[in-house]
Amino acid sequence: MVYAAAPADNPLKGFFPYQGTYTFPHSQEWFHMRLSEVQTDYNTFNWEPLDKRLTEIAGRGHQARFSAYLDYPGQPTGVPTFLSQIPRQISGSDSAADYNHPDMQRALLNYIAALGARYDGDPRVASITMGLLGFWGEWHTYPYSWMPSDAFQNQVADTYARAFPRTLLMAREPKPNINLDRPRLGFDDGSFAYDTNGPTSWHFWPKLKAAGLGELWRTRPIGGEIFPDVQGCLLDIPTCAPAGQEFGLAVTNTHASWMLYHGIFTSALTADKRARAIEAARSLGYTLHIPSLTLDPVQTSGALRGTLTVENRGVAPFYYPWPVKLGVLDGQGNLRTWSMTWDLRTALPSAPTTWSFDVAGHGLAAGSYTLLMGVPNPMASGRPLRFANSAQDQNLDGWLSLGGFVVRP
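About the cut-offs
Residues numbered from 1 in each chain as written. Predicted model: local features only at pLDDT ≥ 70, side-chain atom pairs only at ≥ 80, totals over all residues. Heavy atoms only, no water. Axes fitted to C-alpha atoms, helices over the stretch in contact; angles between N-to-C directions. Helix = DSSP H or I, 4+ residues; strand = E, 2+ residues; numbered from the N terminus. Parallel < 35°, antiparallel > 145°, perpendicular 65-115°, else oblique. Left-handed = near helix turned anticlockwise from the far one by under 90°. Contact = heavy atoms within 4.5 Å. Nonpolar A, V, L, I, M, F, W, Y, C, P; charged D, E, K, R; others polar. Buried < 20%, exposed > 50% of the residue type's maximum accessible area, 1.4 Å probe, protein only. Pairing = 2+ DSSP bridges. Disulfide = S-S within 2.5 Å.

**Topic: the packing of helix H2 (residues 102–119) against helix H3 (residues 150–163)**
- It is the contact of H2 with H3, at a shortest axis distance of 8 Å, that shows an interaxial angle of 20 degrees. In terms of their interaxial angle, H2 and H3 are classed as roughly parallel. Considering how the two elements wind past one another, H2 and H3 form a crossing that is right-handed. Listed contacts from H3 to Gln105, Leu108, Leu109, Tyr111, Ile112, Ala113 and Gly116 of H2 are Phe152, Gln155, Val156, Thr159, Tyr160 and Ala163.
- Looking at the contact of H2 with H3 residue by residue, the classes come out as nine nonpolar, four polar and no charged.

**Observations regarding the pairing of strand E17 (residues 325–330)**
- Burial runs high along E17: five of the six residues are buried.
- Where E17 and strand E18 (residues 335–339) come together, five bridges link them in antiparallel fashion. Residue Gly327 lies in a different strand from E18, and its bridge partner there is Thr337.
- Counting the residues in the hairpin turn of E17 and E18 gives four residues, including Gly333, whose phi is positive at 85 degrees.

**Regarding the sheet that holds strand E19 (residues 353–360)**
- The strand order across the open sheet built from three strands is E14-E16-E19, with neighbouring strands paired in antiparallel fashion. Of all the strands in the sheet, just strand E14 (288–295) and E19 have a single pairing partner and so form its edges. With direction set aside, neighbouring strand axes in the sheet form an average angle of 25 degrees.
- Note: E14 against strand E16 (residues 303–312), six bridges, orientation antiparallel. Bridging from a neighbouring strand, Leu295 pairs with Gly306 of E16.

**Points about the state of the cysteines**
- Enumeration over the complete set of coordinates arrives at one disulfide.
- Paired by a disulfide, Cys233 and Cys240 hold their sulfur atoms 2.1 Å apart. With the S-S dihedral at roughly 85 degrees, the linkage between Cys233 and Cys240 falls on the right-handed side.
- For Cys233, a relative accessible area of 22% corresponds to the partly exposed category.

**Here's the deal with unusual backbone geometry**
- Residue Tyr142 is joined to Pro143 through a cis peptide bond whose omega torsion reads 10 degrees.
- Examined against the element boundaries, Pro143 turns out to sit in the loop between strand E9 (132–135) and H3.
- Residue Pro238 follows Ile237 across a cis peptide bond; omega there is 0 degrees.
- In this structure, Pro238 sits in the loop between strand E12 (222–226) and helix H5 (247–254).
- You will see that Leu12, though not glycine, has its phi angle at about 60 degrees, which is positive.
- Considering the arrangement of structural elements, one finds Leu12 in the segment before strand E1 (14–16).
- We classify Leu12 as buried; its relative accessible area is 7%.
- Phi at Leu132 takes a positive value of approximately 70 degrees, unusual for a residue other than glycine.
- Within the secondary structure, Leu132 sits in strand E9.
- For Leu132, a relative accessible area of 1% puts it in the buried group.

See the structure below:
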């Protein structure tokens, strides 16, 4: 089967902007929110502002990534009003919440549990960045030592892990004495293509490897943000990324799946630069291609049986167990589908994967049909996953055509 480039706005990969309406192809949007927007007391929450954002983003066919914060330099505090009596940590014009105050800690843990109870598994949410602690919710207060105890940071990570058994979580980077090696927790490099590749030990990729997480990408995602200072010229020829930090090298090393790259959405792009940007977006994450199919002869009284090969030509797997469906389209445009037990997450870049199917009692009358394969988005308004095959959407939008076959009496 013929390979063809998959769309740059395939779900859960590529470039994405801050929340809003933009024309460059994307499938996700990002936003920060103040904790005070949703938490009004220790166990009281107003979810309307968050639901409104998620609904607006889903209305554009996109899925959201977001984080809540208490301290965002240059912005009003995100500390809820009922905690405003807690003194802040202050140095000159800089300040941060007292993350070690018992009332603050109680409120934060209650928020995480309530957030998970409401939004874990919500198909509008691509991932949740743990946030809350430190400047921008990035778990640091550099150059100050204002972070909470290691014990509380571990407690926060524990609470997130319990609250979100289905939705992916993201953190900024590994931290000494903090257990961030958790089954559903990935990492976002906030200075991608600037401080990513090393050789400096505090750069993102050396930190991951030093923490024993160099193979994390096989089961948990790597994402991030293109460093703001290079967003305007990263894809120029020559690039402005520092030597050794080039975008392609950073993607290859980290196996990154997505990047916040707001500048590419707000710039006037020449045709050449737009084409380079689309190719760069495509290079992130998974690229699933079906190179071959073997279908046994089909009879009305038999089974629909065969095998197909899946190649991942990208740098990372798909990280959610979205349902894969097999479909049969007749000459009148009627579609019959069956859910398969295949797990998209097992299609790694390292080697082709073989999937078998055996649909007994298919109920097809004698005649000619087209065999289809599709991966619908669990979010009703979201775009389906599309394969890197020329026959994608050939016979039916959102479905890959695997070829024609005949059912014999």
